[in-house]
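# Geometric and topological summary
Chain residues, written in single-letter form:
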Amino acid sequence: MEIRALGGQGLQVGAEGLGLMGMTAHYGATDETESLATIDRALELGVTLLDTAEGYGPFRNEQLLGKALAANGRREDVVIATKTGAEFTDEGAFLGHNATPEYIRRAADRSLRHLGTDHIDLYYLHRIDPNVPVEESMGAMAELVAAGKVRHVGLCEAAPATIARAHAVHPLAAVQTEYSLFERGIEYDGVLDTLRELGIGLVAYSPLGRGFLSGAITTPEDFAADDFRRTDPRFQGENFARNLAVVDQVRRLAADKGVTPSQLALAWTLSRGAVPIPGTKRRRYLEENIAATAVTITAADLAAIDAVAPHGVVSGDRYAPELMKSLNG
Ligand SMILES: NC(=O)c1ccc[n+]([C@@H]2O[C@H](COP(=O)([O-])OP(=O)(O)OC[C@H]3O[C@@H](n4cnc5c(N)ncnc54)[C@H](OP(=O)(O)O)[C@@H]3O)[C@@H](O)[C@H]2O)c1
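The numbering scheme is per chain: residues are counted from 1 as the chain's sequence reads. With pLDDT at 70 or above as the cut-off, local features in this predicted model cover only qualifying residues; side-chain atom pairs require 80 or more to be listed or tallied, and sums for whole chains, interfaces and linings still use all residues. Only hydrogens and water are set aside when side-chain values are computed; all heavy atoms of the structure are taken into account.

## Concerning the sheet that holds strand β5 (residues 79–84)
Inclusion rule: In this description, strands pair whenever DSSP reports at least two bridges between them. A run of H or I in DSSP becomes a helix once it reaches four residues, and a run of E becomes a strand once it reaches two; helices and strands are each numbered from the N terminus. Working rule for contacts: check all heavy atoms of both residues, and any pair within 4.5 Å makes them a contact. To define axes, lines are fitted to C-alpha atoms, for helices over the stretch in contact only, and angles between the resulting N-to-C directions are given on a 0 to 180 degree scale.
Across the sheet, 8 strands lie side by side as β3-β4-β5-β8-β9-β10-β11-β12; this open sheet has parallel pairing. Two strands close off the open sheet at either side, each with one partner strand: β3 (18–19) and β12 (275–276). Here strand β11 (residues 201–205) runs beside β12; their pairing, made up of 2 bridges, is parallel. Each residue of the ladder has a partner; that of V203, found in β12, is V275. Its contacts with the sheet place helix α4 (residues 134–146) against β8 (120–125) and β9 (150–156), and it is angled at close to 160° to β9.

Put into structure tokens, the structure is as follows:
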């Protein structure tokens, strides 16, 4: 797999990463044996960027990754990306935003323990804490870099002005945000321009629209009772039907090109300069998704994709109202 520079701070990663979230949270039944095998297979196929967070589980996702790396001995081949900024007690109770320097220091030590490593390669603020100036949060991140506990720093879901303020305190390697054929907001709200201007890498999360763009989801009724997507507006009622019609168009374009819908969606994010981190807990999807790195998106493909999935094509917000409020606007 092609190796890409992620931002301008010397961080290099395989062009496609792997999102681990679903292995312990949010997307239905989990299977530790298959998850560990999926992580190992990803490394065999050239993936280096593995995306986790203290909140996925909570803690169980970082622990799973720690277990995988202890068993396969491949810590040095991996770029561990994890996140903090929403407070969890040691017992896993969620207390809300907290990106104070005190919490960040405490959370980083806890993540290191769970991951079984002495450094985090890329440490993100999972959300911007509205009660803490980003400069203060970034001061703590810079201290962690100085202490050797963190190699590179990133933000998730940050507005252009916040990105610039944070970058002035300590250079950001990457910003992680939702980016897919279903979510092209950053092309219009200044985020993409800011990243280009400041030489910051883009990590595209939910690049398959939380699975919708794979074409495998045909009814929301198949989701487990506690699946996150049951509360996601894009998977509700009329929105679901309208979005499925867009997926059908994506499926048609993919078939014309001789690839799967997931591969088309991922190849598109790669062609936009992003490093996508599609999430899966099974080797079968992983292998299909990684094959997208060999798919070339031509100018004609781009035009056809723009016609089918322009900005705003999707129906419904990308989070329920309470979670929309946690995005930095
Ligand atoms: N920073 C943030 O706020 C944030 C938010 C959300 C996600 N993330 C990160 O981004 C990663 C990816 O996002 P995501 O997992 O939300 O969404 P995604 O990558 O768009 O989609 C994941 C879903 O698609 C399914 N899938 C994957 N490949 C498939 C294929 N080839 N065919 C059919 N279905 C396929 C997965 O199924 P299975 O699970 O059954 O394999 C899973 O249900 C996460 O794992 C997490 O690390 C970050």
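Still more to cover.
## Remarks on the pairing of β8
Consecutive side chains of a regular strand alternate in pointing toward one face of the sheet and then the other. To keep things clear, this is the line we draw: Think of it in three bands: with a 1.4 Å probe and only protein chains considered, a residue is buried below 20% of the maximum accessible area for its type, exposed above 50%, and partly exposed in between. When the strands point away from the viewer, a crossover counts as right-handed if the path from the first strand over the helix to the second runs clockwise.
Burial of β8 is extensive: 6 of the 6 residues sit out of reach of the surface. Pairing of β5 with β8 involves 4 bridges; the strand directions are parallel. Residue pairing for β8: K83 is matched across the bridge by Y124. In terms of strand pairing, β8 meets β9 through 5 bridges, oriented parallel. By the bridge assignment for β9, L122 is matched with H152. One crossover worth recording links β8 to the parallel β9 by way of α4, and it is right-handed.

## Structural notes on the pattern of salt bridges
The criterion, for reference: The salt bridge definition used is simple: a Lys or Arg side-chain nitrogen within 4 Å of an Asp or Glu carboxyl oxygen.
If you walk through the whole model with that rule in mind, you get 27 salt bridges. With its nearest N and O atoms 3.0 Å apart, the salt bridge here joins E143 to R105. With E143 in helix α4 and R105 in helix α3 (residues 101–115), the pair connects residues that are 38 residues apart, well separated along the chain. Residue classification places E143 among the partly exposed positions, given a relative accessible area of 43%. Members of the salt-bridge network, linked through shared partners, are E157, E178, E183, R234 and R318.

## Let's talk about the pairing of strand β7 (residues 94–97)
For strand β6 (residues 86–88) and β7, the ladder comprises 3 bridges, and the chain directions are antiparallel. If you follow F88 over to β7, its bridge partner there is F94. Where β6 folds back onto β7 in an antiparallel hairpin, the turn is made up of 5 residues, including G92, whose phi is positive at roughly 95°.

## Brief notes about the site of the ligand
Filter applied, for reference: Whether a residue is near a molecule or strand depends on its heavy atoms: it is near if one of them lies within 4 Å of it. Side-chain atoms alone can form a polar contact between residues adjacent in sequence; in general such a contact is a pair of N or O atoms within 3.5 Å, and within protein one must be able to donate a hydrogen while the other accepts it. Only the protein chains shown count as cover for residues, with accessible areas throughout obtained via the Shrake-Rupley method and a probe of 1.4 Å. Residue polarity follows a fixed list, in which Ala, Val, Leu, Ile, Met, Phe, Trp, Tyr, Cys and Pro are nonpolar, Asp, Glu, Lys and Arg are charged, and the others, Gly among them, are polar.
The immediate surroundings of the ligand are formed by 32 residues, with Y27, D51, L208, T280 and R282 found nearest. In this structure, a nitrogen atom belonging to the ligand sits 3.3 Å away from a side-chain N or O atom of E288. Here the ligand, which alone exposes 900 Å², has 95% of that area covered by the protein. In terms of residue count, helix α9 (residues 283–290) provides more of the shell around the ligand than any other element does, 3 residues in total. Taken together, the residues that form the shell around the ligand break down as 13 nonpolar, 11 polar and 8 charged.

## Here we look at the UniProt feature "domain: NADP-dependent oxidoreductase" (unreviewed entry) in the chain
Just so we agree on the cut-off: UniProt positions are given in the numbering used here, feature names are shortened, and annotations may be inferred rather than shown by experiment.
If you check UniProt for "domain: NADP-dependent oxidoreductase" (unreviewed entry), the listed places come out as residues 17–308 in our numbering. For the annotated span residues 17–308, helix accounts for 42% and strand for 15% of the residues, and the straight-line distance between the end C-alpha atoms is 26 Å.

## Observations concerning the side chain of N61
One can find N61 in helix α2 (residues 60–72). Classification of N61 by relative accessible area gives buried; the value is 0%. A distance of 2.8 Å separates a polar atom in the side chain of N61 from the backbone oxygen of L20. Apart from the residues lying within four places of it in its own chain, the contact partners of N61 are L20, M21, M23, T24, D51, T52, A53 and Y56.

## A few points about the environment of Y188
Mapped onto the elements of the fold, Y188 is located in the loop between β10 (174–178) and α6 (191–198). Separated by 123 residues in sequence, Y188 and H311 place their C-alpha atoms 8.5 Å apart.

## Remarks on the nonpolar core
Basically, it comes down to this: Only buried Ala, Val, Leu, Ile, Met, Phe, Trp, Tyr and Cys residues count toward a nonpolar core, and they belong to the same one when joined by side-chain atoms within 4.5 Å.
Ranked by size, the top nonpolar core spans 81 residues in total, and within it L50, Y123, L155, I163 and L172 carry the most contacts. In terms of nonpolar packing, the next biggest core, distinct from the first, is built from 22 residues, Y27, L49, V203 and Y205 among them.

## Some details on α2
The test is simple: Expected helix span is computed as 1.5 Å times (number of residues minus one).
Spanning 13 residues, α2 covers 18 Å between terminal C-alpha atoms, matching the ideal 18 Å at 1.5 Å per step. Within α2, burial applies to N61, E62, L64, L65, G66, A68 and L69. Buried residues in α2 make contact with α1 (32–44), β4 (49–51), β5 and α3. Positive phi shows up at G73, right after α2, with a value of about 65°.

## Re unusual backbone geometry
Omega for the peptide link from G57 to P58 comes to -25°, which places this bond in the cis form. If you trace the backbone, P58 turns up in the loop between β4 and α2.

## Section: the confidence of the model for the chain
For the record, the criterion: What pLDDT expresses is the predictor's confidence in each residue, scored from 0 to 100.
Residues with a pLDDT of 70 or more make up 100% of the chain, whose mean pLDDT is 97. Confidence, expressed as mean pLDDT per element, reaches its minimum in the chain at helix α11 (residues 321–324) with 92 and its maximum at β4 with 99.

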